[in-house]
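Each chain is listed here by its residues.
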Amino acid sequence: MFSRWSWVACGFYLMLNICSPDASGGLVQSCGHIIPESPVLALGSNFTALCILNESCLDFGNIYANQIIWKIKNRVVPKEQYREINRTVSSVTFNDTSSLATPLTCNIVADGQIEQNIYGITVTVGLAPEKPKNLSCIVHQISRFTYVMTCTWNPGRHTFLDTEFRLRYSWPEEVFPDCIPKGVNNSCTVTDIQFFVNTEIWVEAANALGKAESDPLVVDPIDIVKPLSPQNVSVSSGILPTVLKLTWENWISDAVMTLKFNIRYRVTGDTSWMEVPSEDTASPRTSFSVQGLRPYTEYAFSIRCMKEDGVGYWSDWSEEKTGITTEDEPSKGPPIWRIIDASHSPALWTVHLMWKALKPFEANGVILQYEVTVRDKSSLASPLKKYNVTSTNHTLQLPKGTYEVTLIARNSVGASPPSVLLIPESNSKAPVKNLRTLPKHDKLWVGWTAPNSYVLKYVIEWCLVSSNSDCTIEWQIALGDVQGIDLKGIKPFKCYLITVYPLYADGQGSGESVKAYLKQDRPSKGPTVQTKKVGKAEAVLTWNHLTVEEQNGFIRNYTILYKTIDGNETVVTVDPSKTEYTLSSLTSDTLYTVRMMASTDNGSRTGPDFTFTTQKFGKGEIEAIVVPVCLAFLLIVLLGVLFCFNKRDLIKKHIWPIVPDPSKSNIAQWSPQVPAKHNFNSKNQMYPEGSFTDVSVVEIEADDKKSFSEQDLKPFDLLKKEKSTSEGHSSGIGGSSCMSSPRQSVSDSDEGETTQNTSSTVQYSTVVLNGYRDQTPVQVFSRSESTQPLLDSEERSEDHAGGADSAAQRQQYFRQNGGQDENNIDRSCFERAKQITHGNEGDLVGFVQLQVSGQSSQPLGLGMAKNTQEAALSNISQTCTEGQTVRPETVEENPLPVDDMPKSYLPQTVRQGGYMPQ
Amino acid sequence: MAATDSPSTAVRRRDLCSRGIRLAGKMRADVIDLLDTYVEQQGLDASATVGVVEGVPLAAVERWDEQTGTQRLLENLVAYRAFRALLAQMLEEQREQLGEADAGLGRALAAVLLQVSAFAYHLEELLQLESRGIPSEEGDGPPPLPRLSLFEQKLRGLGVLRELAQWAVRSARDLRQLSKPS
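As the structure is a computational prediction, the values presented were derived from the model and not from experiment.

Participant: Even after reading the chapter, I still don't get the overall build of chain B, so can you show me in this structure?
Facilitator: The number of helices and strands found in chain B is five helices and zero strands. In chain B, the succession of helices and strands from N to C terminus is α-α-α-α-α. Here chain B holds 182 residues, and 47% of them are scored as buried. Long-range pairs, those at least 24 residues apart, make up 87% of the contacts in chain B between residues at least 6 apart in sequence.

What follows is the structure in C-alpha cells.
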C-alpha cells in the first residue's frame, strides 16, 4: 500500500520537475541532461553520449542510471550500447554515426513501467568539406572601365552541413575583402580588379566539421581578360569594286591592353564565313580594308578582339554589319542557246534564242539590257541585225541557213564579253558517245565521251517527261574540256529526257539523248490486265503501259501471276516493251485469276485481279463434231428419200390410201337425217371409215347426278340450262373422248364460278386411232371446243364412290368391252388413252361395227353426250375420271365376241338424238 | 648586373618590368581621367598653377640617362610611397567632404591608390631581384602633412595627381630602360 502511493508520488514529482517553471527562471527543470549538447558528427565516425541525472531526482523519485533507456527518434537503442557509469550517469555508444537520427533522447522507466523523457539532443551528421579543386578565373569587361572577375571551382562532395565557401585574393602586401558566393557554392564574382599585379586567388571551404583550402591560383587579372567586342562597327565601300573598309571602336584602353583582331565576312545569305588572315590584324587598330571581294555583292562582317600577346580570351564576335561593293562590268557573257522551230515551213525557221541571266558574281551589277546581234554567215553581204532586249529570250524569223548570234550583257559600268552561238543549217557534226547518267545525292550526273573532234562546249538539254504535257526544256552549257556535269533541281521519281549537243567551232553535232531518273521508286500502280481472247487452253492477255508519271522508274519487267481458284500461282516474266502475252497450257473450262506486276529497280506494284474462264471446247472442235453429224444426217435423209422414192407406190398405199367420199357413199344416201347443224370439220372427215380402232364411250345415266352434292352441281345446272339452249352452237367433238368435254359456250354473268372452272378446261381432245391396216396407230390431238372444267383431284377422290356406282350402269357397255378396273382410276386420261391404243385386234372388229352403225367420225361420245344430256353434263368431269376406268387390259381380259357388239350397244349409244341407222 | 642573372631571374625581371610598364601606362591613363573628374568635382580651374608637392621627388631629373637601375628603382619607390600616403589622405579628405555623394570620384581615387600600391610592390620586387634591400617605409616616408585649408587641400590634390601622371610616364621609361638587355 505504501509502495503504491510512493510510486504515484514519484510520478507526480517527475511531472512537476519536468513541467513546472524553474525557480531560477528557466521554463523547464529537467531531471537530467545529455552531453554533448547537439553535436555535429562526422558521417561514419563513432559517437558516445552521456545522460546525467540530477541528484534531486534521485532523492525524491528513486530513479537511477540503470533505469535509463536511450531512444533514437522513438526507437529504443539496444541495451548493449548502454553503459552505466555510475548511479546517475548512463552512456550510449554508436560505432557508426550513419545509424543515428535525431533526436537522441534519454528516458527513464520507473517501477510502474511509466516511461518519462529526461532529455533530448539534436544530432547532426555530415562531412567535412573537401578541398576545392579546378579553380579558374576570367575577367569580363562589363563596360569601358569596368571589369569583374569571376572564379569558379569544384566544391567537392556534398557535406550535408552548412558549408561556407569564400574566394580570397591578395597581393603580397595587401589583402582584399573575401568574395562570398550567394546562392551557389562553386563560383564568385569579384568587382574590384587591379591589373598588372600578380594576384593570389584561392577558395576556402569551411563547416562545423572542418575547413579546406584550394590550391592558390596566382595570376595577373590582365591575363585573363575577356574584352568587350569592338563597338560601332561600320562598313563602307571604297573606290575599288572589290574592297570594303571596316571601322570600329575599341572599348578597352591601350593603357590597359593592346589588342589584336579577327575579322570574318561572308556573302549575305551564305552560311560559311571567310576570315581575314590573322597576321593582317594582329596589331592594334580601329579599321581594316577587306580586299578581294566580288563587285556588287553584299557582305556581312563581324570582328572580335583579344589581348595582343594572345594571353586571355577572345571577345565575343561583334554584331554583324553589312556593306555592298560597288558595281563592275559583267565578267562574262550570258550562256546562250536556241530552239529552232521549222514546223511551219522548212525554209523558214522560227528561232527562239534564250539565254541565262548572269549570276550576281558574273553580272557584277544590275544588267540593264542585252544586245543581240545576228549575222547571216551564208551571205556575207547581208547586214548585221541588232536587237536590244531586256528579257532573257528573243524570237527571230530567219530563213534556213547558218547564223552567228552574238549576245552582250550591259550594266551601268560596262558591257560583258560577247557570247557567240553558231546556228548551222544542219547538225552534221559528230555527236557525243556513250551518254550515261548517274545519280549523286540530289544531283544527276550526266557523262559522255567526247567526239574525236575538238569541241568548244556542250549544251545539255533536259526536260521532265510527262504524259499529259509537253517537255519543258531546261538547258546548261558545259565547257568543251569536261565530259560530265551535275544537273541540279532534278526531282526524284521523275523521268527526265537528257540530250547532249556538242558545239564545234564550225558547226554543231546532233544530239544524243538518254532517259534518266535521279531516284527510282516502285510504280505507283500496277498494270490493269485483261483478256483479249480466251480459248480452251490459252488466253491472250493485254494491258496498257503505265504512264510515265505512274512508273516512278524504269520498268524492268512485267510479271504475270495467274492461278486457278485452288491451284498454285504461276509466274511469268514479260519483257516491259510488250503489251500482250498469251498464257498457254491452261485447263479448259476453268476459272483463272490473273494479275500483273510492274517492277522497277526499287520495287514492284501489282495491279488489280482479273478473272476469266477458259472455254470448254477448243476452236474447231464443235465444227469437227457438228459438221460430220450433219453430213451423216443429210446422207441418211437423202438415202431415206431415195428409198421412199423407190418405194413410193408402196408407201402411198400405206400412208395415203384412197379415201372414199362419204357423200358419195351409199350410207350418205340412206342417211338423210344428218343434222345440218353438225358441221363435220375436215379433221373429222380426214379419218376414214374404219380408222378408229377403239373408242371409249362413257354412258352416264341421268340419275348420276344424285351422287353429287347440290353445290357441286350448281354450276352445272346453269350450264345445263344453257346447254339446252346453246347446244346447237357447241362443237360436235366435245365429250367424244375421255379427255374431252362439251364446250361450255355460255357467258352469262352468273357464271363467274363457272368461268373460273373453265380456266382449266381441256381444250384438246385426244382421238385415239388404231393402226390402219396394220400401220402404227397414230395419236391425233385435235382441238376441242369444250370448255368443260376439269375436276381437280379432290373432287375426283370424293367422286370415286359415286363413280363406282355409276360404273355399274356403265358396265353394261364396259363389261362388254372387258370390264372395269377400279384400282386404276387415278391414272391420267392421256395415259389411258395410250393404253387404249394397245387394244387388240379383237376390239377393232367390234368397233368397226360400231362406227358403221354410229356413222363414224362423229364420236360415239358425242352421241352419248346428246343422248344422255342431263347425266352427262352433271358428270362432265366424271366422264374423264370415270371414263378412265376403261382399261385396255380389261378389254383384253374380256374380249367380246364380234357378233355380239353391234346388237347390244347400238340402241344405247344412239338414243336421244344419236345417229340412228336408217 | 643582368649578365650575372640566372635565366629565371631575368625572366622574372622582364616580366615585372613589362607588367610595371603597362601598369604605369594604365595608371597614367586613369590619372588623366581622374584629373578631369577631380577638377570638375572640386570646382578648380584646369589651368591653375600648383606648386611643388611636399614630400614627392620631382619626376623631372637631369642626367636621367646616366642613372643606374637601382637608383631609378629607389627614386621611384620613394615617389610612389609618397603618392600612396598622399592619395590615402586625399581619399579620406574626399570622404569627409563629400561623404557618399560622389562615390565615383572616391572609387576612382581608390583605384589609383591601388595602382600606386601595386606599382610600389613591383618596384620592391625589382629591388629584391637587384639583391638590394628594401628601404624601410617609416624612415624614408614623408613627414606628417601640415593642416591645410579646404582650398589648399584641393590644390594639393590637384598637384598630387599632376605629379603622379608625370611620374607614371617617367616610371614607364625607367622600367623600359631596366628591361633592356645590358
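Resuming the write-up.
Participant: What am I meant to see in the overall build of chain A here?
Facilitator: Within chain A one finds 18 helices and 50 strands. Considering chain A as a whole, with its 918 residues, one finds that 43% of them fall into the buried category. The long-range share in chain A, meaning contacts at least 24 apart out of those at least 6 apart in sequence, stands at 67%. Roughly 47,700 Å² of accessible area belongs to chain A as shown, and the carbon and sulfur atoms make up 52% of that amount.

Participant: How should the interface of chain B and chain A be read in this particular structure?
Facilitator: How big an interface is tends to be stated in terms of accessible area lost as the parts join. Contacts between the two partners involve 18 residues from chain B and, on the opposite side, 19 residues from chain A. For the pairing of chain B and chain A, the buried interface totals around 1,400 Å² over both sides, and the portion due to carbon and sulfur atoms is 58%. Applying the counting criterion to the chain B and chain A interface returns two salt bridges. Where R19 of chain B meets D223 of chain A, a salt bridge forms, and the shortest distance between an N and an O atom there is 3.6 Å. The element that contributes the greatest number of residues to the side of chain B that touches chain A is helix α1 (residues 7–42) of chain B, accounting for nine residues.

Participant: What am I meant to see in the sheet that holds strand β19 (residues 231–237) of chain A here?
Facilitator: Paired through their backbone hydrogen bonds, the strands of a sheet run either parallel or antiparallel. Residue and element names in this part refer to chain A. Strand order in the open sheet formed by three strands is β19-β20-β23, and the pairing between neighbours is antiparallel. Each edge of the open sheet is held by one strand with a lone partner, namely β19 and β23 (287–290). Strand after strand, the sheet turns through a mean of 20° between neighbouring axes, direction not considered. As defined by bridge partners, strand β20 (residues 244–249) adjoins β23 across four bridges and the pair is classed as antiparallel.

Participant: Sorry if this is basic, but what is going on with unusual backbone geometry here?
Facilitator: Among all residues except glycine, the phi angle is most often negative; among peptide bonds, the trans geometry is most common. Residues and elements named next belong to chain A. Cis geometry is adopted by the peptide bond preceding P36, which originates at I35 and carries an omega value of -5°. For P36, the position within the fold is in the loop between β1 (32–35) and β2 (40–42). Located in the positive-phi region is S38, a residue other than glycine, with phi close to 45°. Its place among the elements puts S38 in the loop between β1 and β2. Of the residues examined, S38 reaches a relative accessible area of 36% and is grouped as partly exposed. Positive phi, close to 50°, is recorded for Y296, a residue that is not glycine. The class for Y296 is partly exposed, based on a relative accessible area of 35%.

Participant: How should the environment of V514 of chain A be read in this particular structure?
Facilitator: Residue and element names in this part refer to chain A. Mapped onto the fold, V514 is located in strand β40 (residues 512–517). Put simply, V514 and N434 are 80 residues apart on the chain and 9.9 Å apart in space, counted from C-alpha to C-alpha. With sequence-adjacent residues up to four places away left out, V514 is seen in contact with L435, T437, Y496, L497 and I498.

Participant: How should I be thinking about the side chain of Q42 of chain B in this particular structure?
Facilitator: Here Q42 of chain B is to be found in helix α1. Those residues in contact with Q42 of chain B that sit more than four places away from it in its chain are Q94, Q97, L105 and K154 of chain B.

Participant: It is not clear to me how the state of the cysteines should be interpreted in this structure. Could you clarify?
Facilitator: In a disulfide, the sulfur atoms of two cysteines are held together by a covalent bond. Residues and elements named next belong to chain A. Within the structure shown, the criterion is met by three disulfides over all chains. Bridging C137 to C151, the disulfide has an S-S length of 1.9 Å. Since a negative S-S torsion denotes a left-handed disulfide, the C137-C151 link at about 110° is right-handed. Here C151 lies in strand β12 (residues 147–154) and C137 lies in strand β11 (residues 133–141), a separation of 14 residues in the sequence. For C179, the disulfide goes to C188, at an S-S distance of 1.7 Å.

Participant: Quick question: what am I supposed to make of the environment of I114 of chain A here?
Facilitator: All names here are of chain A. Here I114 is to be found in the loop between β8 (104–109) and β9 (115–121). What makes I114 partly exposed here is its relative accessible area of 45%. When sequence neighbours within four positions are dropped, the list of residues in contact with I114 reads I108 and V109.

Participant: Just to check I follow, could you spell out the pairing of strand β41 (residues 529–534) of chain A for this structure?
Facilitator: Side chains on a regular strand alternate between the two faces of the sheet. All names here are of chain A. As judged from the five bridges shared by β41 and strand β42 (residues 539–543), these two strands associate in the antiparallel manner. When the sheet's bridge partners are listed, V534 is paired in β42 with A539. Here β41 folds back onto β42 in antiparallel fashion, the turn holding four residues.

Participant: Got a minute to help me understand a nonpolar patch on the surface in this structure?
Facilitator: Residue and element names in this part refer to chain A. Residues V627, L631, F633, L634, V637 and V641 make up a contiguous nonpolar surface patch of roughly 560 Å² in combined accessible area. Relative to the assigned elements, V627 resides in helix α5 (residues 621–646). We classify V627 as partly exposed; its relative accessible area is 43%.

Participant: Hey, could you run me through the pattern of salt bridges in this one?
Facilitator: Any two side chains of opposite charge can pair if their charged atoms end up close together. Evaluated as defined, the whole model comprises 32 salt bridges over all chains. Close ionic contact of D30 of chain B with K26 of chain B constitutes a salt bridge, the shortest N to O distance being 2.8 Å. With D30 of chain B and K26 of chain B both in helix α1 and four residues apart, this pair spans about one turn of that helix. Here D30 of chain B matches K26 of chain B in class, with each residue buried. Each of D220, D223, K307 and D309 of chain A together with R12, D15, R19 and E125 of chain B takes part in a single network of salt bridges with overlapping partners.

Participant: Would you mind showing me how to read the nonpolar core here?
Facilitator: For soluble globular proteins, the rule of thumb is that nonpolar side chains tend to be buried together. In terms of nonpolar packing, the biggest core is built from 96 residues, with L167 and F301 of chain A together with Y80 and L87 of chain B touching the most fellow members. Of the residues that make up this core, three or more belong to each of domain 2 (133–219) and domain 3 (227–324) of chain A. Among residues more than four places away in sequence, those in contact with L87 of chain B are L109, V112, L113, V116, V160, L161 and L164 of chain B. With 28 residues, the next largest nonpolar core counts A49, C57, I72 and V109 of chain A among its residues.

Participant: Explain a positive patch on the surface to me, please; I cannot follow it from the model alone.
Facilitator: Taken together, K356, K359, K440, K443 and K488 of chain A make up a surface patch of like positive charges. By the element assignment, K356 of chain A lies in the loop between β27 (348–355) and α3 (360–363).

Participant: Is there a simple way to explain the sheet that holds strand β45 (residues 580–583) of chain A in this structure?
Facilitator: Residue and element names in this part refer to chain A. Strand order in the open sheet formed by three strands is β41-β42-β45, with antiparallel pairing between adjacent strands. With partners counted over all chains shown, the strands left at the sheet margins are β41 and β45, one partner each. Direction aside, the axes of adjacent strands within the sheet are offset by 30° on average. Pairing analysis gives four bridges linking β42 to β45, with the strands arranged antiparallel. Its bridge partner being in β45, A539 is matched across the sheet by L583.

Rules of the game
Residues numbered from 1 in each chain as written. Chains lettered and ligands numbered in written order. Predicted model: local features only at pLDDT ≥ 70, side-chain atom pairs only at ≥ 80, totals over all residues. Heavy atoms only, no water. Helix = DSSP H or I, 4+ residues; strand = E, 2+ residues; numbered from the N terminus. Buried < 20%, exposed > 50% of the residue type's maximum accessible area, 1.4 Å probe, protein only. Contact = heavy atoms within 4.5 Å. Areas by Shrake-Rupley, 256 points an atom, 1.4 Å probe, with all protein chains shown as cover. Buried area = accessible area lost by both parts, 1.4 Å probe. Salt bridge = Lys/Arg side-chain N within 4 Å of Asp/Glu carboxyl O. Pairing = 2+ DSSP bridges. Axes fitted to C-alpha atoms, helices over the stretch in contact; angles between N-to-C directions. Disulfide = S-S within 2.5 Å. Patch = residues over 30% accessible without salt bridge, like charges linked within 9 Å, V, L, I, M, F, W, Y side chains within 5 Å. Core = buried A, V, L, I, M, F, W, Y, C linked by side-chain atoms within 4.5 Å. Domains from an automatic or database assignment. Lys, Arg positive; Asp, Glu negative; His and termini not counted. Charge placed at Lys NZ, Arg CZ, Asp CG, Glu CD.

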